[in-house]
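Architecture and fold: a report
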Amino acid sequence: MGEPGAARRVVVSILDNDVAGSLQLEFATYPIGEGAGSRSVSVSRSGGDASGVTILYDTNDGTAVAGEDYTATSGILTFGFGETRKFFSVPILEDTTDEPTETVELRVFSPQGGGTLGARTTAILTISDNDP
């Protein structure tokens, strides 16, 4: 023991028990009409709500072609504490060609910050033609 009245130092360790959760595309399909402008795509998180969790996303040609039918999109989504849903947008390009419904592959990958991939890492964006 030290002298009476002497200051004592106590070390306290705080363990982080926040769970990052599982990230995935919320739906299997995301429909949109050709003249609608852009489609919002939702990525959901379940099983945790820690901060600093990120995931990459991108689009890939299906029957739709980037630069002709839609604008290729990629980026990173960052989930803060308590956030369970984030969105990215895919711009749809208007044309005057009569064509069947076209598709774009949506993908999420490479989670960081303790997050894991959920079951739905890919989904399909369907673009319905609006030309007569």
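Residues numbered from 1 in each chain as written. Predicted model: local features only at pLDDT ≥ 70, side-chain atom pairs only at ≥ 80, totals over all residues. Heavy atoms only, no water.

**Examining the pattern of salt bridges**
Applying the stated criterion to the full structure yields three salt bridges. Linking Arg85 and Glu26 is a salt bridge whose minimum nitrogen-to-oxygen distance equals 2.6 Å. With Arg85 in strand 6 (residues 85-91) and Glu26 in the loop between strand 1 (22-25) and strand 2 (29-33), the pair connects residues that are 59 residues apart, well separated along the chain. Classification of Arg85 by relative accessible area gives partly exposed; the value is 41%. A salt bridge links Glu83 to Lys86, with the nearest nitrogen and oxygen atoms 3.4 Å apart. Residue classification places Glu83 among the partly exposed positions, given a relative accessible area of 30%. (Salt bridge = Lys/Arg side-chain N within 4 Å of Asp/Glu carboxyl O. Helix = DSSP H or I, 4+ residues; strand = E, 2+ residues; numbered from the N terminus. Buried < 20%, exposed > 50% of the residue type's maximum accessible area, 1.4 Å probe, protein only.)

**A few points about the sheet that holds strand 2**
In space, the five strands of this open sheet follow the order 2-9-7-4-5, with mixed pairing throughout. Single-partner strands in this sheet number two, and they are strand 2 and strand 5 (74-79). Pairwise comparison of adjacent strand axes, ignoring direction, gives a mean angle of 25 degrees for this sheet. Across six bridges, strand 7 (residues 102-112) lies against strand 9 (residues 122-128) in antiparallel orientation. Paired with Glu102 across the bridge in strand 9 is Ile127. (Pairing = 2+ DSSP bridges. Axes fitted to C-alpha atoms, helices over the stretch in contact; angles between N-to-C directions.)

**Notes on the packing of aromatic side chains**
Considering all chains together, one arrives at two aromatic pairs under this definition. On the basis of an interplanar angle of 70 degrees and a centroid distance of 5.8 Å, the ring pair of Phe27 and Tyr30 is categorised as edge-to-face. Residue Phe27 is classed as partly exposed on the basis of its relative accessible area, which comes to 44%. Take Tyr30: its relative accessible area is 1%, and that puts it in the buried class. Taking the centre distance of 4.0 Å and the plane angle of 15 degrees together, the rings of Tyr57 and Phe88 count as stacked. Here Tyr57 is found in strand 4 (residues 53-61), whereas its partner Phe88 is found in strand 6, with 31 residues between them in sequence. For the cation-ring pair, Arg107 lies above Phe109, with the distance from its terminal atom to the ring centre recorded as 4.0 Å. (Phe/Tyr/Trp six-rings, centres within 6.5 Å; stacked < 30°, edge-to-face > 60°. Lys NZ or Arg CZ within 6 Å of the ring centre and 35° of its normal.)

**Things to note about the side chain of Asp131**
Mapped onto the elements, Asp131 comes out in the segment after strand 9. Among buried Asp, Glu, Lys and Arg side chains, Asp131 stands out as unpaired, with Arg39 the closest opposite charge at 18 Å. Side-chain polar atoms of Asp131 contact the backbone nitrogen of Thr97, separated by 3.4 Å. Ignoring sequence-local partners within four residues, the contact set of Asp131 consists of Glu34, Glu94, Asp95, Thr96, Thr97 and Asp98. (Lys, Arg positive; Asp, Glu negative; His and termini not counted. Polar contact = N/O pair within 3.5 Å; in protein donor to acceptor, adjacent residues only side chain to side chain. Contact = heavy atoms within 4.5 Å.)

**Concerning the sheet that holds strand 8 (residues 116-117)**
Sheet architecture is open: four strands sit in the order 6-3-1-8, paired in mixed fashion. Edge positions in the open sheet fall to strand 6 and strand 8, since each of these has one partner strand only.

**Quick notes on the pairing of strand 4**
Across six bridges, strand 4 lies against strand 5 in antiparallel orientation. Directly across from Val53, in strand 5, lies its bridge partner Phe79. Judged from the seven bridges that link them, strand 4 and strand 7 form a sheet pairing that is antiparallel. When the bridges of strand 7 are listed, Asp58 appears paired with Arg107.

Purely spatial values, then, with no claim about function.
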